[in-house]
Amino acid sequence: MLEDQLRRYFGFTTFRPGQREVITDVVARHDVFAMLPTGSGKSLCYLLAGYQLQGLVVIVSPLLSLMEDQVQHIRLYGEKRVAALNSFLPYEERQSVLQQLKALRFLFVSPEMLQSRQLLERLQEVNVVLFTVDEAHCVSQWGYEFRPDYLKLADVRRQLGAPPCLALTATADQRVREDIIDKLKMSDCHQHIYSVDRKNIALKVEAVQGTLEKQDRLIELVSMLQGPGIIYFSTREWTEEGAALIHQYTDLRVAAYHGGMANEERRLIQNQFLNDEIDVVCCTNAFGMGVDKPNVRYVIHFHYPKHMNAYLQEIGRAGRDGRPSLAVVLYTESDHELPLYILQKEYPTEKQLEQVIAQYIKGQDKELVATIALDVGCSETAARFLQEHISWWAPEMDSQALKQRLLQRIQERIALKTKALWELQQWLKKDSCRRARLLTLYDERLETSPKCCCDHCGLQLADFSRQKTIPVSEVVMPWERRLRLLLDQKEGSYGKKD
DNA sequence: CGACATCGATATAAATCGATGTCGGTGCCTTATT
């Protein structure tokens, strides 16, 4: 009985919604796509399935820190036959893990590590019974440009004797779900889809006039709202700026967090936040995966993300304890163009593309494509994109066809991302229930509105304020800032329309 | 797009203005014969 094992290995008496169904399908050796809400115990699915299947479970994980956490977590249950294999491990330890694969039940690896010949050969010698892809939305979100090894996982799985595949995520719309299933070649796929609706998270969007007003509003909000909270920005520089502002005008304990910081520092801030030693984190989208903190009371977007899936992932870090929580987006009209420019930098221009192909034809060295691309001024992401796609397509095409095929792919990708961005922007401007609209994007319907639903359903910010509210008038605001704000607004009124 | 840095012109001089340029997010992995 599954329940017996649940009790024996983990000390729980009942399954959470979805767990039993997913495990049953996996044990029956089907491919399974599972979209379960955050905090619903996704890891238990592959753990328990692993015990049933009697062999090695490989878990593909996007972040080293996530692997470390999960390994520790599993060890707490008394399971010692678990390891993470990654560059963080000293060389000798890595070798020792490779030598002892047979003795392991659970192995955590990155998609990049799975490109190692040595690891692959070792894995071929043992009985891999389940291939798990955790945070599976990364396949679709990162595989095409940022981390191409995510698109090679299907081939890795085939080389391991095509064990069943379990893909786990908390947020993916229909298109992303189909993309994941397709890219992982999950042919015999059983899907378990649960609602993305988080009824205890109230949704609010505020349009403001200009950046200064946005900063002021941010300070008002964090002064007033019950924390702890997370604030998302779109650049590293702004996370520092935001943290400095909050430090200056409030007594809150605040820190910035972004991908440019040293790993130890990032780890420290994440831990301090988890231990309630920091009230507010000002961060880029680098922060969040694996941050399983129950009592986050609000998430503010100072800059909004690039698509709804990201928005849902980010606000989903609030209210995991089930208590009322708040998600606020602050936006100005001028926020609308920037994401498009950032998006285009992921790809080469037509001119760069021609230069790279011309150089490549001369040398025929796939490994050099990225170097050439960087030389002609491509971003690193664009260089990787070219490297990847040319190595797929160049063998079977002449340079003209290759160029056309690449241009077509670039256009497709940009169109797709522009549409996703547009969808989010439309949602921001929506003047009816935000939850209802959000759910239709995920093919769901809102049956009954929760008590605190959204700003179009009578949301009261006061319901989310601290016990001891600091009146806004007491928030220190020097006259220089006030004046600049006034001038800014005046200028804004002469600004261009739409 | 827009925030910010740099540069040159301006012209009783130091500081200011406008023109021009650059940059913007996410993370694995780096196993040397110069």
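Throughout this description, residue numbers start from 1 for each chain and increase along the sequence as written. Chain labels run from A onward and ligand labels from 1 onward, assigned in the order the entries are written. For this predicted model, a pLDDT threshold of at least 70 governs which residues receive local features, and a threshold of 80 or more governs which side-chain atom pairs are given and counted, while totals over whole chains, interfaces and linings are taken from all residues. As a rule here, side-chain values come from all non-hydrogen atoms in the structure, and water together with hydrogens is ignored.

### Points about the overall build of chain A
Link 1 in the chain: Looking only at helices and strands, chain A features 20 helices and 13 strands.
Link 2 in the chain: Rg of the C-alpha trace for chain A: 24 Å, near the compact-globule value of 23 Å for 498 residues, within the 12% margin.
Link 3 in the chain: For chain A, the spread of C-alpha atoms along the principal axes amounts to about 70 × 65 × 45 Å.
Link 4 in the chain: Residue contacts are counted whenever heavy atoms from the two residues lie within 4.5 Å of one another. Of the contacts made within chain A by residues no fewer than 6 positions apart, 74% connect residues no fewer than 24 positions apart.
Link 5 in the chain: Counted as positive: Lys and Arg. Counted as negative: Asp and Glu. His and the chain ends are not counted at all. In this description, the location of a charge corresponds to atom NZ of lysine, CZ of arginine, CG of aspartate or CD of glutamate. Of the side-chain charges in chain A, 63 are positive and 66 negative, and the distance between the mean point of each set is 3 Å. The numbering of helices and of strands both runs from the N terminus, where a helix is a DSSP run of H or I of at least 4 residues and a strand a run of E of at least 2. What the globule rule says is 2.2 Å times the number of residues to the power 0.38, and the radius of gyration is computed from C-alpha atoms.

### A look at a negative patch on the surface
Link 1 in the chain: Patches were defined on residues exceeding 30% relative accessible area and lacking a salt bridge, with like-charge contacts within 9 Å and nonpolar side-chain contacts (Val, Leu, Ile, Met, Phe, Trp, Tyr) within 5 Å. Note on areas: Shrake-Rupley, 1.4 Å probe, and residue coverage restricted to the protein chains presented here. We define a salt bridge as a side-chain nitrogen of Lys or Arg found within 4 Å of a carboxyl oxygen belonging to Asp or Glu. Judged by side-chain charge, Glu 237, Glu 240, Glu 241, Glu 264 and Glu 265 come together as a negatively charged surface patch.
Link 2 in the chain: Sorting the residues of the negative patch by element identifies helix H11 (236–249) and helix H12 (263–274) as the ones contributing at least two each.
Link 3 in the chain: Structurally, Glu 264 can be placed in helix H12.
Link 4 in the chain: Accessible area is worked out with a 1.4 Å probe on protein chains only. A residue is then buried under 20% of its type maximum, exposed over 50%, and partly exposed in between. Residue classification places Glu 264 among the exposed residues on the basis of a relative accessible area of 62%.

### Some words on the sheet that holds strand S13 (residues 325–331)
Link 1 in the chain: In this description, strands pair whenever DSSP reports at least two bridges between them. Sheet architecture is open: six strands sit in the order S8-S13-S12-S9-S11-S10, paired in parallel fashion. Each end of this open sheet is capped by a strand with a single partner; those strands are strand S8 (201–207) and strand S10 (254–257). Going from strand to strand, the sheet's axes swing by 15° on average, the running direction of each strand aside.
Link 2 in the chain: Two strands pair when backbone bridges link them, and S8 and S13 are joined in this way by seven bridges, in the parallel orientation. Bridged to Ala 207 within S13 is Tyr 331. The axes are straight lines fitted to the C-alpha atoms, using for helices just the contacting stretch, and the angles between their N-to-C directions are given from 0 to 180°.

### Re the protein's contact with DNA strand B
Link 1 in the chain: Residues are classed as near a molecule or strand on a simple rule: at least one heavy atom within 4 Å of it. Around DNA strand B lies a shell of 33 residues, among which Ser 87, Trp 142, Arg 236, Thr 284 and Lys 306 are the nearest.
Link 2 in the chain: If you look at DNA strand B and keep only atoms within 4 Å of the protein, 53% of those are sugar or phosphate atoms.
Link 3 in the chain: Counting only elements with at least two residues in the surface near DNA strand B, the list comes to helix H5 (91–99), helix H14 (338–344) and helix H17 (380–393).
Link 4 in the chain: Top element by residues in the surface near DNA strand B is H14. It accounts for three residues.
Link 5 in the chain: Amino acids outside the nonpolar list (Ala, Val, Leu, Ile, Met, Phe, Trp, Tyr, Cys, Pro) and the charged list (Asp, Glu, Lys, Arg) are all regarded as polar, and Gly is one of them. Per-class residue counts for the surface near DNA strand B are 11 nonpolar, 12 polar and 10 charged.

### Let's talk about the side chain of Thr 132
Link 1 in the chain: The residue Thr 132 is located in strand S5 (residues 128–133) in this model.
Link 2 in the chain: Ignoring any residue separated from it by four or fewer positions in sequence, one finds Thr 132 in contact with Tyr 46, Val 57, Val 58, Ile 59, Val 60, Leu 166 and Leu 168.

### A word on the nonpolar core
Link 1 in the chain: With 81 residues, the main nonpolar core has Leu 107, Leu 123 and Phe 131 as its most contacted residues.
Link 2 in the chain: Residue ranges for the domains trace back to a domain assignment, done automatically or taken from a database. Composition of this core by domain shows at least three residues from each of domain 1 (2–193) and domain 2 (201–339 + 430–491). We call a set of buried residues a nonpolar core when its members are Ala, Val, Leu, Ile, Met, Phe, Trp, Tyr or Cys and they connect through side-chain atoms within 4.5 Å of each other.

### Details of the domain arrangement of chain A
Link 1 in the chain: Under the domain assignment used here, chain A contains domain 1 (2–193), domain 2 (201–339 + 430–491) and domain 3 (346–419).
Link 2 in the chain: For domain 2 versus domain 3, the distance between C-alpha centres works out to 38 Å.

### So, a nonpolar patch on the surface
Link 1 in the chain: A contiguous nonpolar patch, built from Leu 338, Tyr 341 and Ile 342 and spanning about 330 Å² of accessible area, is present on the exposed surface.
Link 2 in the chain: Relative to the assigned elements, Leu 338 resides in helix H14.

### Looking at the environment of Asp 463
Link 1 in the chain: Here Asp 463 shows up in the loop between helix H19 (434–441) and helix H20 (479–494).
Link 2 in the chain: Sequence spacing of Asp 463 and Gln 19 is 444 residues, and the spatial spacing of their C-alpha atoms is 34 Å.

### Quick notes on the packing of helix H15 (residues 350–363) against helix H18 (residues 399–428)
Link 1 in the chain: Look at H15 against H18: their axes get within 11 Å of each other, and the N-to-C directions meet at 145°. For the pair H15 and H18, the sense of crossing is right-handed. When H15 is examined against H18, the residues Glu 350, Leu 353, Glu 354, Ile 357 and Ile 361 are found in contact with a partner set consisting of Ser 399, Leu 402, Lys 403, Leu 406 and Leu 407.
Link 2 in the chain: Looking at side-chain class alone, the contact of H15 with H18 contains six nonpolar, one polar and three charged residues. Crossing handedness: left-handed means the near helix sits turned counterclockwise from the far one by under a right angle, and right-handed means the same turn made clockwise.

### Notes on the pairing of S5
Link 1 in the chain: Among the six residues that make up S5, six are buried, leaving the element largely enclosed by the rest of the structure.
Link 2 in the chain: Note that S5 and strand S6 (residues 165–169) share three bridges and pair parallel. Note that in S6 the partner of Thr 132 across the bridge is Leu 166.

### Re H11
Link 1 in the chain: Expected helix span is given by 1.5 Å per residue-to-residue step, counting one fewer step than there are residues. Taking 1.5 Å of rise per residue, 14 residues should cover 20 Å, and H11 covers 21 Å from first to last C-alpha, within 8% of that figure.
Link 2 in the chain: Of the positions making up H11, those classed as buried are Thr 239, Gly 242, Ala 243, Leu 245, Ile 246 and Tyr 249. All buried residues of H11 lie within an arc of 160° about the axis, which places them on one face of the element. Across H11 from its buried face, at more than 90 degrees, point the exposed residues Glu 237, His 247 and Gln 248. Working definition: the arc comes from the directions between the helix axis and the C-beta atoms, pointing outward to the latter.

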